[in-house]
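# Structural overview
Residues per chain, in single letters:
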Amino acid sequence: MIDRMKRKVGVLGPEGTFSEKAARRLMLDSDICYFTDFDEVIAAVERSDLDIGVVPLENSLEGSVGQTLDALLSRDVQIVGEMNLEVRHCLLGRGSPEDVKVILSHPQALAQCRGYLKRRFSGAEQRTTGSTSHAARLAQEFPEMAAIADAEAGERYGLAIIDRNVQDSDENVTRFAVVGRSTPKPTGFDKTSLAIYLERAEAGALWEVLGEFAVRKINLTKIESRPSKMGLGDYYFFIDLEGHVTDPPVEEALARIRKRAAVTKVLGSYPRTASP
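The following refers to the structure shown.

So, how was this worked out
- Residues numbered from 1 in each chain as written.
- Predicted model: local features only at pLDDT ≥ 70, side-chain atom pairs only at ≥ 80, totals over all residues.
- Heavy atoms only, no water.
- Phe/Tyr/Trp six-rings, centres within 6.5 Å; stacked < 30°, edge-to-face > 60°.
- Helix = DSSP H or I, 4+ residues; strand = E, 2+ residues; numbered from the N terminus.
- Buried < 20%, exposed > 50% of the residue type's maximum accessible area, 1.4 Å probe, protein only.
- Disulfide = S-S within 2.5 Å.
- 1 Å grid on protein atoms, 1.4 Å probe; cavity = no way out; pocket = protein on both sides within 12 Å on 5 of 7 lines; lining within 4 Å.
- Points joined across faces, edges and corners; volume = space filled by probe spheres on them.
- Nonpolar A, V, L, I, M, F, W, Y, C, P; charged D, E, K, R; others polar.
- Core = buried A, V, L, I, M, F, W, Y, C linked by side-chain atoms within 4.5 Å.
- Contact = heavy atoms within 4.5 Å.
- Salt bridge = Lys/Arg side-chain N within 4 Å of Asp/Glu carboxyl O.
- Arc of directions from axis to C-beta.

### So, the packing of aromatic side chains
In this structure the tally under the stated criterion is two aromatic pairs. Between the aromatic rings of Tyr-197 and Tyr-236, the centroid separation amounts to 5.1 Å while the plane-to-plane angle is 40°, which identifies the pairing as tilted. On the criterion of sequence distance, the pair formed by Tyr-197 in strand E12 (residues 190-197) and Tyr-236 in strand E14 (residues 235-242) is long-range, its members being 39 residues apart. Tyr-236 matches Tyr-197 in its accessibility class, with the two residues each being buried.

Have a look at this one:
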């Protein structure tokens with residue numbers, strides 16, 4: 001459970017992003033600071049300029065957010081909580097549907113609405129922006145511009161709703177990570193996130209790592225690879241598991257894995273959300 005005391009919280013800006021929406025739902029009484037990308041949010045937490053940051057970790061339609069994973073891997077921070085937010089995109093603008101020639105949004109939002117855009121606006125130019133709210137702010141300028149963003153961003157920037165629920169599935173959920181600097185105490189209903197790097201030449205290494213969890217009946221809720229940036233075919237593995245890093249079975253598994261893996265980094269051990 002997230003401590004709801006007043007804190008200085010960093011999110012992607014400007015005002016009106018889904019990150020801000022998630023942060024305000026988690027911490028109603030907070031000072032919100034806006035940043036231009038997710039890495040800047042996490043870097044500010046590392047420097048202690050912020051108490052915590054709220055950044056998207058993965059989306060049910062488009063998968064993990066690479067910039068967030070890279071920043072968690074490279075910086076000295078911890079995931080201290082999570083929340084799932086239903087994402088409902090709207091097409092916002094000053095004009096009518098017939099006026100729309102350019103559609104602006106964050107790359108993730110455009111991807112989540114790919115089918116809709118192909119069906120309804122196949123001739124429109126798509127332009128990426130730093131955030132959905134940045135797109136809404138830019139769409140104020142011309143009636144032929146429209147933005148994909150939250151309805152609240154439309155209200156904030158004086159845009160009309162041209163169309164609602166334009167995401168390609170109603171099961172569009174983004175999981176947000178709450179990033180801090182210290183590991184929360186175990187609650188009995190926790191999740192641990194790991195990054196593991198295995199030497200490319202060692203056959204069977206991943207099978208052995210996964211076996212350490214299996215023999216201890218530790219349930220894995222996510223496993224995926226991400227390029228290490230050290231060569232083609234070279235990967236980090238990102239794993240989520242049920243349990244706290246101080247639980248004896250998890251401790252034992254990690255001790256064994258550290259002997260096998262070149263890098264084993266705990267990205268966070270934190271209360272998990274009950275929702276899917």
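### Some details on the state of the cysteines
Taken as a whole, this structure holds zero disulfides when the rule is applied. Lacking any disulfide linkage, Cys-90 is separated from the closest cysteine sulfur, that of Cys-113, by 9.5 Å.

### Structural notes on empty space enclosed by the protein
With the rule as written, the count across this model stands at two cavities of 30 Å³ or more. In this structure, the largest cavity spans a volume of roughly 240 Å³. In terms of lining, the largest cavity is formed by 18 residues, of which the most central are Phe-18, Phe-38, Pro-56, His-106 and Gln-108. When contributions to the lining of the largest cavity are tallied by element, the ones reaching two or more residues are helix H1 (18-26), strand E3 (52-59), helix H4 (107-112) and strand E11 (173-180). For the lining of the largest cavity, the residue count by class is eight nonpolar, ten polar and no charged. The volume enclosed by the second largest cavity comes to roughly 60 Å³. For the second largest cavity, the full set of lining residues is Leu-57, Leu-69, Leu-72, Ile-79, Ser-193, Leu-194, Lys-222, Phe-238, Ile-239, Asp-240 and Leu-267. Contributions of two or more residues to the lining of the second largest cavity are made by helix H3 (66-74), E12 and E14. Of all the elements, E14 adds the most residues to the lining of the second largest cavity, at three residues.

### A word on unusual backbone geometry
Negative phi is the rule for most residues except glycine; trans is the rule for most peptide bonds. Cis rather than trans, the peptide bond between Gly-13 and Pro-14 has omega equal to 0°. One can find Pro-14 in the loop between strand E1 (7-12) and H1. Unlike most non-glycine residues, Asn-165 shows phi in positive territory, near 50°. The partly exposed category is assigned to Asn-165, whose relative accessible area is 44%. A positive phi is found at Lys-217, a non-glycine position, where the angle reads about 55°. With respect to the element layout, Lys-217 can be found in the loop between helix H8 (205-214) and strand E13 (220-227).

### Some remarks on the nonpolar core
Soluble globular proteins tend to pack their nonpolar side chains together in the buried interior. Counting residues in hydrophobic clusters, the biggest one holds 26 residues, and the most contacted among them are Leu-50, Val-55, Leu-72, Ile-79, Val-179 and Phe-238. Examining the composition of this core, we find that five residues originate from one element, helix H2 (residues 38-46), more than from any other. Here Val-179 is in contact with Val-45, Asp-51, Ile-52, Gly-53, Val-55, Leu-72, Val-77, Gln-78, Ile-79 and Val-80, once residues within four sequence places are set aside. By size, the runner-up hydrophobic cluster in this structure holds 17 residues, among which are Leu-194, Leu-198, Ala-205 and Val-250.

### As for the pattern of salt bridges
In the structure shown here, the tally under the stated rule is 21 salt bridges. A salt bridge links Arg-156 to Glu-15; its shortest N-O distance comes to 2.5 Å. Of this pair, Arg-156 sits in helix H7 (residues 151-156) while Glu-15 sits in the loop between E1 and H1; the two residues are 141 residues apart in sequence, bridging distant segments of the chain. Residue Arg-156 is classed as partly exposed on the basis of its relative accessible area, which comes to 41%.

### Structural notes on H8
By the burial criterion, the buried members of H8 are Ala-205, Val-209, Glu-212 and Phe-213. Seen along its axis, H8 keeps its buried residues to an arc of 100°; they face one direction. Facing away from the buried surface of H8 by more than 90 degrees, the exposed residues are Trp-207 and Ala-214.

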